[in-house]
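Letter by letter, the chains look like this.
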Amino acid sequence: MYTNIEEVDALLENEKLVYSIINRFSNHIVDREDLYQVGMMGLLKAKRNYQEDSTAKFSTYAYKYILGEVSEYLRKNRPLKVSKEILAMDRTIQKTKDSMTQTLGRPATDTEVALYLGIEEDVILEAKRATEYVQSLDYPICEDGKEINLYDSVSQEEMAYSPEMIDLKLQLEQLPEEERDLIMTRYFEGKTQQETSDLLGISQVQVSRKEAKVLQKLKNNLAA
């Protein structure tokens, strides 16, 4: 991995940068040491490609390399693929639990939910285990002694390199041009359905119908 003293020194000097990045992926069920090694490989690639006369600081330049390597590793080494059936069951369980909690005036237990749905309690546990590694951006985490949500702690640049965003981009690239343009206009450019209608030359009703259809397609493909 290392070829000379200069590279070793550069890696050690920027080791904290690697740790700062891999710590943000602590919710993924992977070995921390493996992530560290992957991050250091990204750092080494950055060192070998960095131009000393560059206007960018090395740490800024290396950031993308490290994050890219870590994200790619996570994407390829996900502990499991969550099936559409399990995702659907998990949504049903959560909706039922919320409804029963409101009715009972206290949190509903897994046993109560299982009895209400007519399923084995093990099914609830299986759905919970299968989906727990997919953490919401609103999940509270602690950073520098303060509780914040993951969305606020991760930069837009980082999110662009996350395994989820990489998967989404790959799926978008596989869409027909018309469908891709619609999703890009609505969700990446932030246009309303009426604005999208005007830009694409189709009615607002068509935008609404096509949008729902494409979103469902993306959800199915990402869950497969």
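Rules of the game
- Residues numbered from 1 in each chain as written.
- Predicted model: local features only at pLDDT ≥ 70, side-chain atom pairs only at ≥ 80, totals over all residues.
- Heavy atoms only, no water.
- Helix = DSSP H or I, 4+ residues; strand = E, 2+ residues; numbered from the N terminus.
- Contact = heavy atoms within 4.5 Å.
- Areas by Shrake-Rupley, 256 points an atom, 1.4 Å probe, with all protein chains shown as cover.
- Buried < 20%, exposed > 50% of the residue type's maximum accessible area, 1.4 Å probe, protein only.
- pLDDT = per-residue confidence, 0-100.

Below, the discussion takes up the overall build of the chain. Across its full length, the chain holds 13 helices and two strands. Look at the contacts in the chain between residues 6 or more apart in sequence, and 56% of them connect residues 24 or more apart. Total accessible area on the chain stands at roughly 14200 Å², and carbon and sulfur atoms take up 50% of it.

Attention now moves to the side chain of Ser 197. Mapped onto the secondary structure, Ser 197 falls in helix 12 (residues 193–200). A relative accessible area of 6% places Ser 197 in the buried class. In this structure, Ser 197 is in contact with Ile 202, Ser 203, Gln 204 and Val 207, ignoring residues within four places of it in sequence.

A few words on the confidence of the model for the chain. When pLDDT is averaged across the chain, the result is 76; 72% of the residues are at 70 or more. Within the model, the stretch residues 146–159 combines pLDDT values under 50 with 37 contacts to residues more than four positions away or in other chains.

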